[in-house]
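# Summary of structural features
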Amino acid sequence: MTTDEMLRLENQLCFPLYVASRLTTRMYGPLLEELDITYPQYLVLLALWQTDNQPVGELTKRLYLETSTLTPLLKRLEQKQYISRKRSVTDERSVLIALTESGQALKEKAVCIPEKITELFRSSTIDMQELTGFYQTLQKIIQHAG
């Protein structure tokens, strides 16, 4: 492969991953708009619905985000009264993030989202086996690169 070919946009692994990520996030938009949350806020809530009352540091690791990126998301979720932020009693440097009743109740409204997204993919030319294989490949990429 020549230098020019190596540097062609369509020959870059990063480009289809980037585009697929953006397009997938866009698919979530209308579903999350009904809940009045953004996609990044949804990810934070997913992490908290799985394990409530987590330190900010743990959330940054789970979501692969920097604290400077996560903090504004948490502030907005707190303003919407979906989460609370409190200093840890045992370690004053640590801030714990917990769901409020409203944040917990939002889970019931969001439970249909994964199935709706899967249906959107299934209704295209992608079958479930391809989707599962792609998911497994992405997990390997994350483990290797993360």
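Structural data are supplied above this passage.
Residues numbered from 1 in each chain as written. Predicted model: local features only at pLDDT ≥ 70, side-chain atom pairs only at ≥ 80, totals over all residues. Heavy atoms only, no water.

Moving on: the overall build of the protein. If you tally the helices and strands in the protein, you get eight helices and three strands. Counting helices and strands in the order they occur from the N terminus, the protein gives α-α-α-β-α-α-β-β-α-α-α. Taking the principal axes of the C-alpha coordinates as reference, the protein spans close to 60 × 35 × 25 Å. Burial analysis of the protein (146 residues in total) assigns 24% to the buried set. Long-range contacts, defined as pairs at least 24 residues apart, comprise 48% of the intrachain contacts of the protein with a sequence gap of at least 6. Working note: accessible area of the protein is about 10500 Å², and carbon and sulfur atoms make up 54% of it. (Helix = DSSP H or I, 4+ residues; strand = E, 2+ residues; numbered from the N terminus. Buried < 20%, exposed > 50% of the residue type's maximum accessible area, 1.4 Å probe, protein only. Contact = heavy atoms within 4.5 Å. Areas by Shrake-Rupley, 256 points an atom, 1.4 Å probe, with all protein chains shown as cover.)

Running from N to C, helix α4 (residues 56-63) and helix α5 (residues 67-79) point in directions that differ by 110 degrees, and their axes come no closer than 10 Å. One finds that α4 runs roughly perpendicular with respect to α5. Between α4 and α5, the contacting residues are V56, L59, T60 and L63 on the first element and T67, L70 and L74 on the second. Considered class by class, the residues forming the contact of α4 with α5 number five nonpolar, two polar and no charged. (Axes fitted to C-alpha atoms, helices over the stretch in contact; angles between N-to-C directions. Parallel < 35°, antiparallel > 145°, perpendicular 65-115°, else oblique. Nonpolar A, V, L, I, M, F, W, Y, C, P; charged D, E, K, R; others polar.)

We now examine the pairing of strand β3 (residues 95-99). Summarising the sheet, strand β1 (residues 54-55) and β3 pair through two bridges and their orientation is antiparallel. Residue pairing for β3: Q54 is matched across the bridge by I97. As paired strands, strand β2 (residues 83-87) and β3 are joined by five bridges and run antiparallel to one another. Across the sheet, the residue bridging to K86 is L96, located in β3. (Pairing = 2+ DSSP bridges.)

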